[in-house]
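Residue-level structure breakdown
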Amino acid sequence: MENKTVADIFSEIADILDIQGENPFRVRSYRNASRTISDLSQSLEALVRAGKDLEEIPGIGKSIGEKIREILSTGKCGLLEELRSRVPAGLTELLKLEGLGPKKVKVLFEELEVDSVDRLEKAARAGRLRNLPGMGLKTEEKILKSIEHYRAGMGRFKLSVGFQFADALLRYLEGTPGVKRLDPAGSFRRRRETIGDLDILATCGKGCRVMDRFTAYGEVAEVLARG
DNA sequence: GCCA
DNA sequence: CAGTACG
DNA sequence: TGGCCGCTACTG
């Protein structure tokens, strides 16, 4: 199991504890542990196998050390399961929105039964946020912006992933008779860190069947329209 | 929660 | 000013 | 047992 997996578990634990209004320092401990673990150069599994004492890692004490062993051996964490069952699933997702922390998420849920990004958007559009304590017109608008930004970002993937895919696709299209040029375009060509789609500019002679060949590509799941 |  | 989010 | 980041940055 990867360290990242373990780190994510502690991160989620921190999020839920935070929403529940738990002791901030306890929450921070889980956050610290999560960061420490994901930054760790060696794998936890290797350390355990080598008989190392996990508590020697700074920020990891008895409790978290035990949980790490639990996660490594069972693949699950009892505490997290417990916490999840006590809190609506969508709430941790709300924390990812810029400008929304645990306090506001808690209020939104308790006052407006907001337990998802979708419901949050509806409430904001209806102007129901501005009355809540600690929020005004500004925050309402800011939240709508955050939702927009969030949705724009979630359908995206890392450039490295897109590159492999695009590379295969380009090689495939190269074999099409009549094609003069194939050029990557858009955010992919500009080497952005993440991209939402692959733009490919194909220049070809009259009557070239490049689109036929493209829609016939093996990994095309569905053709919505063409031309 | 972890640490001194 | 106090509360909250954030790096 | 008690402390735990901030001449923060921003909002209401």
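Residues numbered from 1 in each chain as written. Chains lettered and ligands numbered in written order. Predicted model: local features only at pLDDT ≥ 70, side-chain atom pairs only at ≥ 80, totals over all residues. Heavy atoms only, no water.

Attention shifts here to the overall build of chain A. Counting its regular elements, chain A contains 12 helices and 4 strands. Partitioning the contacts of chain A with sequence separation of at least 6, the portion at a separation of at least 24 is 57%. For chain A, the accessible surface area stands at approximately 14300 Å², while carbon and sulfur atoms represent 49% of it. (Helix = DSSP H or I, 4+ residues; strand = E, 2+ residues; numbered from the N terminus. Contact = heavy atoms within 4.5 Å. Areas by Shrake-Rupley, 256 points an atom, 1.4 Å probe, with all protein chains shown as cover.)

Our next topic: the nonpolar core. Core analysis: the biggest nonpolar cluster contains 43 residues, and Phe10, Ile13, Ile68, Leu94 and Leu120 have the highest contact counts within it. Counting residues per element, this core draws most heavily on helix α1 (residues 3-19), which supplies 9 residues. Counting the residues that make up this core, at least three belong to each of domain 1 (3-85) and domain 2 (89-154). In this structure Ile13 touches Tyr30, Cys77, Leu79, Leu80 and Leu83, once residues within four positions along its chain are discounted. (Core = buried A, V, L, I, M, F, W, Y, C linked by side-chain atoms within 4.5 Å. Buried < 20%, exposed > 50% of the residue type's maximum accessible area, 1.4 Å probe, protein only. Domains from an automatic or database assignment.)

The next point concerns the protein's contact with DNA strand B. Every residue near DNA strand B is listed here: Phe25, Arg26, Ser29, Tyr30, Ile57, Pro58, Gly59, Ile60, Gly61, Lys62, Ser63 and Ile64. In DNA strand B, atoms within 4 Å of the protein come from the sugar-phosphate backbone in 72% of cases. With respect to DNA strand B, the backbone of Phe25 contributes an N or O atom lying 3.4 Å from a base nitrogen. A distance of 2.8 Å is found between a phosphate oxygen of DNA strand B and a backbone nitrogen or oxygen belonging to Gly59. Every element with two or more residues in the surface near DNA strand B is listed here: α2 (24-39) and α4 (62-74). (Near = heavy atom within 4 Å. Polar contact = N/O pair within 3.5 Å; in protein donor to acceptor, adjacent residues only side chain to side chain.)

This structure, assessed with the given rule, holds 1 aromatic pair. Measuring from centroid to centroid gives 6.0 Å for Phe10 and Tyr30, while their planes differ by 35 degrees, and the two rings are tilted. Separated by 20 residues along the polypeptide, Phe10 in helix α1 and Tyr30 in helix α2 bring together distant segments of the chain. Given the relative accessible area of 0%, Phe10 is considered buried. (Phe/Tyr/Trp six-rings, centres within 6.5 Å; stacked < 30°, edge-to-face > 60°.)

Moving on, we come to the domain arrangement of chain A. For chain A, the assigned domains read domain 1 (3-85), domain 2 (89-154) and domain 3 (157-216). A separation of 28 Å is found between the C-alpha centroids of domain 1 and domain 2. When the two sides are added together, the surface that domain 1 and domain 2 hide from each other amounts to roughly 530 Å², 76% of it contributed by carbon and sulfur. Considering only the surface of domain 1 that becomes buried against domain 2, Asp15, Asp18 and Ile19 emerge as the three largest contributors, covering 80% of it. For the pair domain 1 and domain 2, the interface holds 0 salt bridges. Across the domain 1-domain 2 interface, the total number found is 0 residue pairs in polar contact (both at pLDDT 80 or more). (Buried area = accessible area lost by both parts, 1.4 Å probe. Salt bridge = Lys/Arg side-chain N within 4 Å of Asp/Glu carboxyl O.)

As a structural note, the neighbourhood of DNA strand C is formed by Glu98, Gly99, Leu100, Gly101, Pro102, Lys103 and Lys104. The sugar-phosphate portion of DNA strand C accounts for 100% of its atoms within 4 Å of the protein, the bases making up the rest. Gly99 places a polar main-chain atom, nitrogen or oxygen, 2.6 Å from a phosphate oxygen of DNA strand C. In the model, a phosphate oxygen of DNA strand C is placed 2.8 Å from a nitrogen or oxygen of the Gly101 main chain. Here the surface near DNA strand C is composed, by residue class, of 2 nonpolar, 2 polar and 3 charged. (Nonpolar A, V, L, I, M, F, W, Y, C, P; charged D, E, K, R; others polar.)

Here we take up unusual backbone geometry. The backbone of Glu113 sits at a positive phi, close to 60 degrees, despite the residue not being glycine. On the secondary structure map, Glu113 appears in the loop between α7 (102-112) and α8 (117-125). Residue class for Glu113 comes out exposed when judged on its relative accessible area of 54%.

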